[in-house]
Amino acid sequence: MIRVLKVFFAAVLLAYVLASTLATQSNLGNLQMLGMQVGFGDWAATTAHDFVGMASSYLPLIAGAFAIGLPVAAGLTRRLPRHQALLYALAGFTAVVALHLIMRAALGLTPVAATRTTAGLIGQGAAGALGGLCYHWLSRPLAKSA
């Protein structure tokens, strides 16, 4: 059980780091399109600031979404064992995209500005997919050494 929790939190953390970074880069890209100069120092400082600042809200939301999506994928892998990697990637993608669509529909808010565009929403979903793949890779049984 401890191993499952470690793997779960590693997957959530990877998805969060990627999603947070993508959201920040989207925002900085929008600023550049408006003519604002964004140097490497600004890029690094803003990414670090957002990574820490979003941790109290976005990280638990991703964890909650994964807590629903990954067990669904685990159940489906019993029926489709040859497609485990794909199922976990789809679960991560769907969990993060559904999180944003549900918040928009139910609460009328878009807490991650990047998800206001289709490309931004897909980017956040891709971060979730990589988190799902991370879960799959780390949860596989360890190979027994001879």
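Structural data are supplied above this passage.
Parameters at a glance
Residues numbered from 1 in each chain as written. Predicted model: local features only at pLDDT ≥ 70, side-chain atom pairs only at ≥ 80, totals over all residues. Heavy atoms only, no water. Patch = residues over 30% accessible without salt bridge, like charges linked within 9 Å, V, L, I, M, F, W, Y side chains within 5 Å. Areas by Shrake-Rupley, 256 points an atom, 1.4 Å probe, with all protein chains shown as cover. Salt bridge = Lys/Arg side-chain N within 4 Å of Asp/Glu carboxyl O. Helix = DSSP H or I, 4+ residues; strand = E, 2+ residues; numbered from the N terminus. Expected span 1.5 Å × (residues − 1). Buried < 20%, exposed > 50% of the residue type's maximum accessible area, 1.4 Å probe, protein only. Contact = heavy atoms within 4.5 Å. Phe/Tyr/Trp six-rings, centres within 6.5 Å; stacked < 30°, edge-to-face > 60°. Polar contact = N/O pair within 3.5 Å; in protein donor to acceptor, adjacent residues only side chain to side chain. Core = buried A, V, L, I, M, F, W, Y, C linked by side-chain atoms within 4.5 Å. Axes fitted to C-alpha atoms, helices over the stretch in contact; angles between N-to-C directions. Parallel < 35°, antiparallel > 145°, perpendicular 65-115°, else oblique. Left-handed = near helix turned anticlockwise from the far one by under 90°. Nonpolar A, V, L, I, M, F, W, Y, C, P; charged D, E, K, R; others polar.

Asker: Talk me through a nonpolar patch on the surface; I want residue IDs and the actual numbers.
Answerer: A contiguous nonpolar patch, built from M1, I2, V4, L5 and F9 and spanning about 550 Å² of accessible area, is present on the exposed surface. As for its placement among the helices and strands, F9 is situated in helix 1 (residues 2-33).

Asker: Residues and numbers for helix 1, please.
Answerer: Between its first and last C-alpha, helix 1 extends 46 Å over 32 residues, near the 46 Å set by a 1.5 Å rise per residue. Along helix 1, the residues that are buried comprise V7, F8, A11, V12, A15, Y16, A19, S20, A23, T24 and L28. On its buried side, helix 1 packs onto helix 2 (40-53), helix 3 (58-79) and helix 5 (118-139). Backbone geometry just after helix 1 places G35 at a positive phi near 100°.

Asker: Lay out the environment of F40 in plain terms, naming residues and giving numbers.
Answerer: Within the secondary structure, F40 sits in helix 2. Using a relative accessible area of 64% as the deciding quantity, one classes F40 as exposed. Along the sequence, F40 and D50 sit 10 residues apart, while their C-alpha atoms lie 15 Å from each other.

Asker: Provide a residue-level description of the packing of aromatic side chains, including the pertinent values.
Answerer: How two aromatic rings sit relative to each other is given by the distance of their centres and the angle of their planes. Considering all chains together, one arrives at 5 aromatic pairs under this definition. Ring centres of Y88 and Y135 lie 5.4 Å apart, and the angle between their planes is 45°; this geometry places the pair in the tilted category. Of this pair, Y88 sits in helix 4 (residues 84-107) while Y135 sits in helix 5, placing them 47 residues apart in sequence. Like Y135, Y88 is buried. An aromatic cluster is defined as three or more aromatic residues linked by ring pairs; in this entry it consists of Y16, F51 and Y58.

Asker: I'd love a proper account of the side chain of T47, names of residues and values included.
Answerer: Looking at where T47 falls in the secondary structure, it is placed in helix 2. At a separation of 2.7 Å, a polar atom in the side chain of T47 contacts the main-chain carbonyl oxygen of W43. With near-sequence residues (within four places) excluded, T47 lies in contact with T21, T24 and Q25.

Asker: Describe the nonpolar core, naming the residues involved and giving the relevant values.
Answerer: Ranked by internal contacts, the top residues of the largest apolar core, which has 27 residues, are Y58, I62, F66, L70 and Y135. Elements represented by at least two residues in this core include exactly helix 1, helix 3, helix 4 and helix 5. By residue number, the principal contributor to this core is helix 1, which donates 8 residues. For L70, the contacting residues outside a window of four places in its chain are F8, Y88, A91, G132 and Y135.

Asker: Describe the packing of helix 1 against helix 2, naming the residues involved and giving the relevant values.
Answerer: Packed helices, taken two at a time, are described by the angle between their axes plus the distance between the axes. Look at helix 1 against helix 2: their axes get within 9 Å of each other, and the N-to-C directions meet at 130°. With respect to their mutual orientation, helix 1 and helix 2 come out oblique. Crossing geometry of helix 1 relative to helix 2 is assigned as right-handed. Note on element contacts: helix 2 touches helix 1 through W43, T46, T47, D50, F51 and V52, opposite Y16, V17, S20, T21, T24, Q25 and L28. Residue composition of the contact of helix 1 with helix 2, by class: 6 nonpolar, 6 polar and 1 charged.

So, to be careful, I would describe these as geometric facts and stop short of saying anything about function.
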